[in-house]
Amino acid sequence: MAHDRIHAREPTHDVDRWTEGTVEAVEERDGHWVVHARSDDGESVELVVTLAIRDLFVSRLDVAAGQSPVGERFCYRKKGG
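Residues numbered from 1 in each chain as written. Predicted model: local features only at pLDDT ≥ 70, side-chain atom pairs only at ≥ 80, totals over all residues. Heavy atoms only, no water.

1. Details of the sheet that holds strand β2 (residues 19-29)
For clarity, the cut-off: Pairing between strands is defined by DSSP: at least two bridges between them are needed. Helix and strand labels come from DSSP, where a helix needs a run of H or I of at least four residues and a strand needs a run of E of at least two; each type is numbered from the N terminus. Only the stretch in contact is used when a helix axis is fitted, and all axes are lines through C-alpha atoms; the angle between N-to-C directions ranges over 0 to 180 degrees. We call two residues contacting when some pair of their heavy atoms lies within 4.5 Å.
If you walk across this open sheet you meet the 5 strands as β1-β5-β2-β3-β4, and the pairing is antiparallel. The open sheet has two free edges, formed respectively by β1 (5-7) and β4 (44-49), since each of these has just one partner strand. In this sheet, neighbouring strand axes are inclined to one another by 40° on average, regardless of whether the strands run parallel or antiparallel. The pairing of strand β3 (residues 32-39) with β4 spans 6 bridges and is antiparallel. For Val35, the partnering residue across the bridge sits in β4 and is Leu47. Helix-sheet contacts for helix α1 (residues 51-59) involve β1, β2, β3, β4 and β5 (73-77), and the interaxial angle to β3 is about 50°.

Okay, here's the thing in structure tokens:
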């Protein structure tokens, strides 16, 4: 399975290939973490990453341990994007 890419901080490489958005909801599905987000231009997107990426992503956000990342800003790339 090709996974999407997410960054808690603005990337410094290939900046034009990343989209900025806001986390609207998160869930676990089939052993993966699914991020439901909305881009700055209003597009809804569903991103699928591994649980290890989830842990790294959440650890880099400015949220307290155990709190949800909903509402947080981040950058993403859809697989193949």
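2. Let's talk about unusual backbone geometry
What counts, and what does not: Three exposure classes are used, based on accessible area relative to the maximum for each residue type with a 1.4 Å probe and protein chains only: buried under 20%, partly exposed in between, and exposed over 50%.
With a phi angle near 45°, Asp14 is a residue other than glycine that sits in the positive phi range. The partly exposed category is assigned to Asp14, whose relative accessible area is 41%. Its identity as a non-glycine residue notwithstanding, Asp30 has a phi of 55°, on the positive side. Note on Asp30: relative accessible area 70%, which makes it exposed.

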